[in-house]
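Single-letter residue listing:
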Amino acid sequence: MSANSSNPTNSVFSGWPALYASVLLGLAFGVLSMVAALAVAVPATLVTWITILVLLTFAGKNRRDLVLEGRKLTGDIIGFVVKVLIKEGNVVAALCAVLGYFAFVIRRNKQDEHVDY
């Protein structure tokens, strides 16, 4: 018998490397999903913002009111986009972390089955 198999605390901590790796995997995929969503959201947000400002112009708003409305719209739209991006990134990160953890643990268990002590 090897020293590793006789140590009862070794089996308790065997999941920690998988946990760390899955958290890093979840973080990486969460950030990537936020960047991808941002790449899609920015053009759509700009089109929406421009459309609303054009409609307000045609509705007869003067320039000063239009500038004030534009500033309000910009703040509201940016706030909404940031909330959605953070929520999506967290969901993807959590999902990838959980799936990654189980994948790493299953892989490690399969490798442990093939090792003779």
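Use the structure listed above.
The model shown is predicted, which means the values in this text are computed figures rather than measured ones. For every chain, the first residue of the written sequence is number 1, and numbering continues from 1 along that sequence. The predicted nature of this model means local features are confined to residues of pLDDT at least 70 and side-chain atom pairs, given and counted, to a pLDDT of 80 or more, with totals for whole chains, interfaces and linings taken over all residues. Where side-chain values are given, they derive from all heavy atoms of the structure, hydrogens and water being excluded.

### A few points about the packing of aromatic side chains
Two measures describe an aromatic ring pair: the distance that separates the ring centres and the angle between the ring planes.
Point 1. Each Phe, Tyr or Trp ring (for Trp, its six-membered ring) is paired with any other whose centre lies within 6.5 Å, and the angle between the two planes then decides the class: stacked below 30 degrees, edge-to-face above 60, tilted in between. Inspection of the entire model under this criterion finds one aromatic pair.
Point 2. With a centroid separation of 5.7 Å and 65° between ring planes, the pair formed by Tyr 101 and Phe 102 is classed as edge-to-face.
Point 3. Only protein chains enter the accessibility calculation, which uses a 1.4 Å probe; a residue whose area is less than 20% of its type maximum is buried, one above 50% is exposed, and one in between is partly exposed. Given the relative accessible area of 48%, Phe 102 is considered partly exposed.

### Focus: the nonpolar core
Point 1. Of all hydrophobic cores here, the largest spans five residues; its members are Ala 37, Ala 41, Ile 77, Val 81 and Leu 85.
Point 2. Put simply, the parts of the chain that give this core at least two residues each are α2 (16-58) and α3 (63-113).
Point 3. Residues count as neighbours in contact if any of their non-hydrogen atoms are within 4.5 Å of one another. Ignoring sequence-local partners within four residues, the contact set of Ala 37 consists of Leu 85 and Glu 88. To qualify as a nonpolar core, a set must consist of buried Ala, Val, Leu, Ile, Met, Phe, Trp, Tyr and Cys residues joined through side-chain atoms within 4.5 Å. Helix and strand assignments come from DSSP, with helices taken as H or I runs of at least 4 residues and strands as E runs of at least 2, each series counted from the N terminus.

### So, the packing of α2 against α3
The angle between the axes and the distance between the axes are what describe a pair of packed helices.
Point 1. At a closest axis distance of 6 Å, the pairing of α2 and α3 adopts a crossing angle of 155°. Between α2 and α3, the angle falls in the class roughly antiparallel. Between α2 and α3 the crossing geometry is right-handed.
Point 2. Note on residue categories: nonpolar means Ala, Val, Leu, Ile, Met, Phe, Trp, Tyr, Cys or Pro, charged means Asp, Glu, Lys or Arg, and polar means any other residue, Gly included. When the residues that make up the contact of α2 with α3 are grouped by side-chain class, the tally is 27 nonpolar, 10 polar and three charged. All axes are obtained by fitting lines to C-alpha atoms, using only the stretch in contact for helices, and the reported angles, taken between N-to-C directions, cover 0 to 180 degrees. Angles below 35 degrees are treated as roughly parallel, those above 145 as roughly antiparallel, those between 65 and 115 as roughly perpendicular, and all remaining angles as oblique. Handedness of a crossing is defined here by the sense of rotation of the near helix relative to the far one, left-handed for an anticlockwise turn of less than a right angle and right-handed for a clockwise turn.

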